[in-house]
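Summary of the model geometry
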Amino acid sequence: MAQSSSEEGVEGVESVAVASSSAPSDAEAAANLANREKGEHGCTHYRRRCRLVTPCCGEVFWCRHCHNEAKSQNEADPKNRHDLDRKTVKELVCALCDARQPVSQQCHQCHVAFGAYTCMDCVFFDDEVEKLQFHCGECGICRVGGRERFFHCKTCGCCYDKKMQGNHVCVENSMKQNCPVCFEFLFDSVRPTAVLSCGHTIHETCLLSMRENRQMSCPICMKSYDDMTSVWRHLEAEIAVTPMPQDYANWKVDVLCNDCNMPSKVQFHILGLKCSHCRSYNTRRIRVEQDQLELEAGLNELAAAHTTDAEQTSANGPSSDASAAH
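Residues numbered from 1 in each chain as written. Predicted model: local features only at pLDDT ≥ 70, side-chain atom pairs only at ≥ 80, totals over all residues. Heavy atoms only, no water.

1. Observations regarding the packing of aromatic side chains
- On inspection of all chains with the given rule, the structure shows eight aromatic pairs.
- For the ring pair Y46 and F124, a centre distance of 5.0 Å and an interplane angle of 85° mean the geometry is edge-to-face. Of this pair, Y46 sits in the loop between helix 2 (26-34) and strand 1 (50-53) while F124 sits in strand 6 (residues 124-126), placing them 78 residues apart in sequence. For the pair Y46 and F124, one class covers both residues: buried. (Phe/Tyr/Trp six-rings, centres within 6.5 Å; stacked < 30°, edge-to-face > 60°. Helix = DSSP H or I, 4+ residues; strand = E, 2+ residues; numbered from the N terminus. Buried < 20%, exposed > 50% of the residue type's maximum accessible area, 1.4 Å probe, protein only.)

Written as structure tokens, this is what we have:
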């Protein structure tokens, strides 16, 4: 019986120990309270547990993008269009208890955290920490992708992938401008941005659209942004089997190369003008000899006269038919 009693006592001690270990500590209880409904609230841009009270118009939005869509992009009256500077936000509304309060990391009433990632400098909250958000003091905003993967280029004025460190063309404040295709401001855009070989920047989706439409030069400086060797080779083959008419056979034109910025005098061909320095066909004609200009003007006059005759013939045709109809 003594042995049995002793076993019961041991079992009781084990039961108390298990119950004690399963009880959460104060730190765990606070964390559980702060992490309630994580990822369950927010908008299409961010998952967060608070909304912003915008000082510019006094309304409540989930984020600055929601505000800008409503008050800038979709605002009918141009006089009322405006964007939100999120750093001017002073008040938040808790998504769980609807308490309106000064900006803070968690609700002063229900103690829920407004975001798993919080930056008080940017008044920014996000529950999707897999984005690897980090604040860049030199940019002055939060970025995604992990701090260890990026460096800040002081000349370009932005964070770039470390693979580009010492391996890109610097353009002063290259990101502090609008995308040359869609005209959205690039610096704080949430859409991925590409840096072209010339140093200019553009949205990745806009660059893809340019490639699909065979626009292979930078919209800003006109330099080729891809290796065009195979394209130039194909163009040379076409030129070789397409001789120019005798009147144009000896034409020489002055061109400026968009790729190497060097001028040269080259043989004229309707399909393309090849730079004599870097062999690129990404060139523009800058001058033609006077006698060639006169010949070209004469050809243009003949073409215009031919067009006028054709228009007169077309105009006379329907009139004759209309008379016959009577």
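2. Description of the pairing of strand 1
- As paired strands, strand 1 and strand 3 (residues 91-94) are joined by four bridges and run antiparallel to one another. Residue pairing for strand 3: L52 is matched across the bridge by L92.
- By the bridge criterion, two bridges tie strand 1 to strand 2 (residues 60-61) in an arrangement that is antiparallel. Paired with L52 across the bridge in strand 2 is F61.
- Connecting strand 1 to the antiparallel partner strand 2 that follows it, the hairpin turn spans six residues, and G58 within it adopts a positive phi of roughly 75°. (Pairing = 2+ DSSP bridges.)

3. Digging into empty space enclosed by the protein
- If you walk through the whole model with that rule in mind, you get one cavity of 30 Å³ or more.
- Its volume calculated, the largest cavity comes out at about 40 Å³.
- Lining the largest cavity are Y46, R48, L52, C63, R64, R86, V123 and F124.
- When its residues are assigned to classes, the lining of the largest cavity shows five nonpolar, no polar and three charged. (1 Å grid on protein atoms, 1.4 Å probe; cavity = no way out; pocket = protein on both sides within 12 Å on 5 of 7 lines; lining within 4 Å. Points joined across faces, edges and corners; volume = space filled by probe spheres on them. Nonpolar A, V, L, I, M, F, W, Y, C, P; charged D, E, K, R; others polar.)

4. Things to note about the pattern of salt bridges
- Following the criterion strictly, the structure yields 13 salt bridges and no others.
- For R100, the salt bridge goes to E91, with nearest N and O atoms at 3.1 Å.
- Judged by relative accessible area, which is 31%, E91 ranks as partly exposed.
- The partner of E128 in a salt bridge is K131, with the nearest N and O atoms 3.3 Å apart.
- Here the salt bridges share partners, and the residues they tie into one network are D126, E128 and K131. (Salt bridge = Lys/Arg side-chain N within 4 Å of Asp/Glu carboxyl O.)

5. Structural notes on helix 5 (residues 229-240)
- Taking 1.5 Å of rise per residue, the 12 residues of helix 5 would be expected to cover 16 Å, and the 17 Å separating its terminal C-alpha atoms lies within 8% of that figure.
- Those residues of helix 5 lying buried are W232, L235 and I239. Here the buried residues of helix 5 occupy an arc of 60° about the axis, which is enough to place them on one side. Residues of helix 5 that are exposed and angled more than 90 degrees away from the buried face: R233, H234 and A240. (Expected span 1.5 Å × (residues − 1). Arc of directions from axis to C-beta.)

6. Things to note about the nonpolar core
- Counting residues in each nonpolar core, the largest one holds 24 residues, and the members touching the most others are C139, Y160, M175, L196, I202 and L207.
- Once you skip the residues sitting within four places of it in the chain, I202 turns out to touch C179, P180, V181, L186, T193, A194, L196, L207 and M210.
- In this structure, C50, L84, C110 and F114 belong to the second largest nonpolar core, which totals 13 residues. (Core = buried A, V, L, I, M, F, W, Y, C linked by side-chain atoms within 4.5 Å. Contact = heavy atoms within 4.5 Å.)

7. Let's talk about the layout of surface pockets
- For the largest pocket, the calculated volume is near 780 Å³.
- Taken together, 32 residues line the largest pocket, and the ones lying closest to its centre are R143, V144, S189, V190 and R191.
- Sorting the residues of the lining of the largest pocket by element identifies helix 3 (64-73), strand 6, strand 8 (141-143), strand 10 (158-161) and strand 11 (193-195) as the ones contributing at least two each.
- Among the elements that make up the lining of the largest pocket, the one with the highest residue count is strand 10 (four residues).
- Partitioning the lining of the largest pocket into residue classes produces 16 nonpolar, six polar and 10 charged.
- Its volume calculated, the second largest pocket comes out at about 480 Å³.

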